[in-house]
Amino acid sequence: ASRLDIYAPDGSRVEITGRLAFLPRMHLDDTLRRAATAAGARFLAPLRLAAFVWHDGVVQGARFKASGSRYEVSVGARLVVLATGAAPAPLELAGVCLRKAPSGIALRGYFRAERLAGELDNPCISFDRSICPGYGWVFPGPDGVFNVGAGYFHDARRLPDAGSVRRVFAAFVERFPPARRVVAQGEPIAPLKGAPLRTALKGALLARRGLLVAGEAAGSTYSFSGEGIGKALETGVLAGEQAVALFHGHLDETMLAAAYTDRVMTGLAPRFAAYEAAQRWLSYPAVCNFIAARARRSARLREQLAGLLAESGQPGELFSWRGLLRLLVARS
């Protein structure tokens, strides 16, 4: 897609140009799995993490239980990368959990609506008043399949009036016409699925001796936008680079934990903090409406919003007292 439509709480729309692509999560996961196995990784599934293997305070592997079996599978490793998503249990087993509760929660479903594919071809994000400061989305995908979902952040300044995430989803589908059409005319191809979110690089230690924490286990989802896959992969790349340094003898296990934490916090944390600040501002429908109204009249502001989408801009330039004051006095 070449355009993202953003709907403010008052129902007004802002069109943001950009280069966008959407892929069902199951396809992305399988693509990553095939690439990893082609590079030499072993894929062992389905297994459930049972415990970590420790020696003198250093993680040296993990034990897993096979599905439907009492027997355990033990895997030794010089370095463990923990990328188990937002679930707190693996973090607790590793002794790195700082906060069990997630930062937010989202619910989504996939619907096949081929008749609407040519008509609803632009992705939509809605900050409808009934679910604000949560948001909903309708993302078109391949073969007439739409990703429809809604969610909210627990650590926003307030919670949506609709209540639970299922009620937030139901309110979004009822009030947002594109979502209502897709759900009414489409065929569900998978059950609705909820998922917790960890944001802002908070809630867990990033490393300890013999173990690095990556992906959403490390809180790699952006506040405000809920974008997490790209950031999860970025933390994985950083973990991989540190692993190479370890295996080549450039770092030992103690240096590795400090070096990885420093690279994540120095390279990524400031942008995560800026998106967290943007989330606080968008907890107020009046602010959303004001920014949308200005964006419809200002090509420069639309470019700023496109920059946030492409991660080429800084949220703090817009979502701050100074940024909002500039909008208030700007002529175009």
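Let me sum up the structure you'll find in this document. Remember, it's a predicted structure, so these values are computed and weren't measured experimentally.

Considering the overall build of the protein chain
Helix and strand counts for the protein chain stand at ten helices and 14 strands. Its C-alpha atoms put the protein chain at 60 × 45 × 35 Å along the principal axes. Counting all 332 residues of the protein chain, 45% fall into the buried class. Put simply, the protein chain shows about 16,800 Å² of open surface, and 55% of that area lies on carbon and sulfur atoms.

Focus: the sheet that holds strand E13 (residues 207-208)
An order of E6-E14-E13 is seen for the three strands of this open sheet, with the pairing classed as mixed. Two strands bound the open sheet, and with one partner strand each, they are strand E6 (80-82) and E13. Sheet topology note: the E13/strand E14 (residues 211-213) ladder contains two bridges and is antiparallel. Bridging across to E14, arginine 208 finds its partner in leucine 211.

Digging into unusual backbone geometry
Between alanine 45 and proline 46 the backbone carries a cis peptide bond, its omega angle lying at -5°. Along the polypeptide, proline 46 turns up in the loop between helix H1 (25-38) and strand E3 (47-55). One non-glycine residue, aspartate 56, adopts positive backbone phi at about 55°. On the secondary structure map, aspartate 56 appears in the loop between E3 and strand E4 (58-66).

Regarding the sheet that holds E4
Overall, antiparallel pairing links the three strands, which are arranged E3-E4-E5 in an open sheet. The open sheet is flanked by E3 and strand E5 (72-76), the only strands paired with a single partner. Strand after strand, the sheet turns through a mean of 25° between neighbouring axes, direction not considered.

Looking at the environment of serine 164
Within the fold, serine 164 resides in the loop between strand E10 (145-153) and helix H3 (165-175). Judged by relative accessible area, serine 164 falls into the partly exposed class, the value being 38%. Between the C-alpha atoms of serine 164 and glycine 151, which are 13 residues apart in sequence, the distance is 9.4 Å.

Remarks on the nonpolar core
One finds Phe52, Leu211, Phe224, Tyr260 and Phe319 to be the most contacted residues of the largest nonpolar core, which totals 66 residues. If we ignore the near neighbours within four places in the chain, the residues touching leucine 211 are Phe52, Val59, Leu79, Val80, Leu82, Ala94 and Val96.

Parameters at a glance
Residues numbered from 1 in each chain as written. Predicted model: local features only at pLDDT ≥ 70, side-chain atom pairs only at ≥ 80, totals over all residues. Heavy atoms only, no water. Helix = DSSP H or I, 4+ residues; strand = E, 2+ residues; numbered from the N terminus. Buried < 20%, exposed > 50% of the residue type's maximum accessible area, 1.4 Å probe, protein only. Areas by Shrake-Rupley, 256 points an atom, 1.4 Å probe, with all protein chains shown as cover. Pairing = 2+ DSSP bridges. Axes fitted to C-alpha atoms, helices over the stretch in contact; angles between N-to-C directions. Core = buried A, V, L, I, M, F, W, Y, C linked by side-chain atoms within 4.5 Å. Contact = heavy atoms within 4.5 Å.

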